[in-house]
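Breakdown of the fold
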Amino acid sequence: MRKKSDEPTAPSIDWDLAAAAFDEEPDHGLRDPEVRAAWARRLRAWLPERGCDLLDLGCGTGSLSLLAAEQGHRVTGVDLSPAMIDLARAKLAGRDAVFLLGDAAAPPVGEQRFDTLLVRHVLWTLPDPARVLRHWRGLVRPGGRLVLVEGVWGTVAPVGMAADRLTALLAPLTEQARVERLSQDAGLWGGAVTDERYAVVATV
């Protein structure tokens, strides 16, 4: 296990400036029908069959929120970037969705509880992920689930969170956690990738 001081840190990015071009990445904007369909299939497998209250943390421009809403889920999205939130609200206009400006580590949802938390490529960027996971666990109703999409990127100075690290952090908090390897599913990324990409679906 890495010492806290050895944990990789996220690069400093101005997400408001990045928002305008954010959806140009295939797995961000999901503009390619095949990429969109690949993520829709995964969400259908990860999320409850019936419509649920879903919290999308670090929602960005709302692409996964939109897929979830299209599958009948009631979505609350949270992001720290006002520009991202504006794009998400526009993308889901008329849908059963609300978007809040706030920190994914401590989302501004008050006493509201959810059936599912969906978080993609966010946890590794947050200080003290163990504490964050404990807080997220408290936002989920009994019998609900955490859907965490993470990975490790780069070879010279890799950043991210390996699957075994995440499952170890979840072990005291969840009843069951399964890992789905995503690197070989090129449809999710708009092409082949060689780094570690995965999802953990944990029930609480």
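In this report, we go over the structure that sits alongside the text. Here the structure is a predicted model, which means the values were calculated and not measured.

1. Notes on the overall build of the protein chain
- Within the protein chain one finds 7 helices and 8 strands.
- Here the C-alpha atoms of the protein chain give a radius of gyration of 16 Å, agreeing with the 17 Å that 2.2 N^0.38 yields for 204 residues.
- Across the 204 residues in the protein chain, those meeting the buried criterion constitute 49%.
- Across the protein chain, the fraction of contacts at a sequence separation of at least 24, relative to all contacts at a separation of at least 6, is 64%.
- Of the roughly 10,100 Å² of accessible surface on the protein chain, a fraction of 51% belongs to carbon and sulfur atoms.
- For the protein chain, the distance from the average site of its 24 positive side-chain charges to the average site of its 28 negative ones is 5 Å.

2. Considerations on the side chain of glutamate 180
- The topology assignment puts glutamate 180 in strand S7 (residues 176-181).
- Assessed through its relative accessible area of 17%, glutamate 180 is described here as buried.
- A polar contact is formed between the side chain of glutamate 180 and the side chain of arginine 178, at a distance of 3.2 Å.
- Each residue touching glutamate 180, except ones within four places of it in the same chain, is listed here: Arg42, Trp46, Arg197, Tyr198 and Ala199.

3. A closer look at the pairing of strand S8 (residues 196-203)
- Counting buried residues along S8, 6 of its 8 residues qualify, which places the element largely inside the surrounding structure.
- Here strand S5 (residues 140-153) runs beside S8; their pairing, made up of 8 bridges, is antiparallel. Counted as the bridge partner of leucine 148 is valine 200 from S8.
- Pairing of S7 with S8, which is carried by 6 bridges, proceeds in the antiparallel orientation. Along S8, the bridge assignment pairs arginine 178 with valine 201.

4. A word on the pairing of strand S1 (residues 53-57)
- Among the 5 residues that make up S1, 5 are buried, leaving the element largely enclosed by the rest of the structure.
- Side-chain alternation along S1 places Asp53, Leu55 and Leu57 on one buried face and Leu54 and Asp56 on a second face that is also buried.
- As for the winding sense of the linkage, the β-α-β connection from S1 through helix H4 (residues 63-70) to strand S2 (residues 74-79) is right-handed.
- Here 4 bridges tie S1 to strand S4 (residues 114-120), and the two strands are oriented parallel to one another. By the bridge assignment for S4, leucine 54 is matched with threonine 116.

5. Section: the packing of aromatic side chains
- In the structure shown here, the tally under the stated rule is 4 aromatic pairs.
- Between tryptophan 39 and tryptophan 46, the aromatic rings sit 6.4 Å apart at their centres with planes inclined by 75°, giving edge-to-face as the arrangement.
- Classification of tryptophan 39 by relative accessible area gives buried; the value is 0%.
- For tryptophan 46, a relative accessible area of 0% translates into the label buried.
- Every member of this aromatic cluster is reached through a ring pair, and the members are Trp39, Trp46 and Trp189.
- Sitting over the ring of tryptophan 189, arginine 197 keeps its end group 4.5 Å from the ring centre.

6. Some points on the environment of leucine 57
- Turning to its location among the elements, leucine 57 is positioned in strand S1.
- Placed 47 residues apart in sequence, leucine 57 and alanine 104 show a C-alpha to C-alpha distance of 5.2 Å.
- In this view, leucine 57 contacts Val78, Ala104, Pro107, Leu117, Leu118, Val119, Arg120, Val122 and Trp136; residues no more than four positions away in its chain are not counted.

7. Concerning the nonpolar core
- Residues Leu117, Leu133, Trp136, Leu146 and Leu166 are the most contacted members of the largest nonpolar core, which totals 31 residues.
- Elements with a minimum of two residues in this core: S1, S4, helix H6 (129-138), S5, helix H7 (163-170) and S8.

Procedures and definitions
Residues numbered from 1 in each chain as written. Predicted model: local features only at pLDDT ≥ 70, side-chain atom pairs only at ≥ 80, totals over all residues. Heavy atoms only, no water. Helix = DSSP H or I, 4+ residues; strand = E, 2+ residues; numbered from the N terminus. Rg over C-alpha atoms; globule rule 2.2 N^0.38 Å. Buried < 20%, exposed > 50% of the residue type's maximum accessible area, 1.4 Å probe, protein only. Contact = heavy atoms within 4.5 Å. Areas by Shrake-Rupley, 256 points an atom, 1.4 Å probe, with all protein chains shown as cover. Lys, Arg positive; Asp, Glu negative; His and termini not counted. Charge placed at Lys NZ, Arg CZ, Asp CG, Glu CD. Polar contact = N/O pair within 3.5 Å; in protein donor to acceptor, adjacent residues only side chain to side chain. Pairing = 2+ DSSP bridges. Right-handed = clockwise from strand over helix to strand, strands pointing away. Phe/Tyr/Trp six-rings, centres within 6.5 Å; stacked < 30°, edge-to-face > 60°. Lys NZ or Arg CZ within 6 Å of the ring centre and 35° of its normal. Core = buried A, V, L, I, M, F, W, Y, C linked by side-chain atoms within 4.5 Å.

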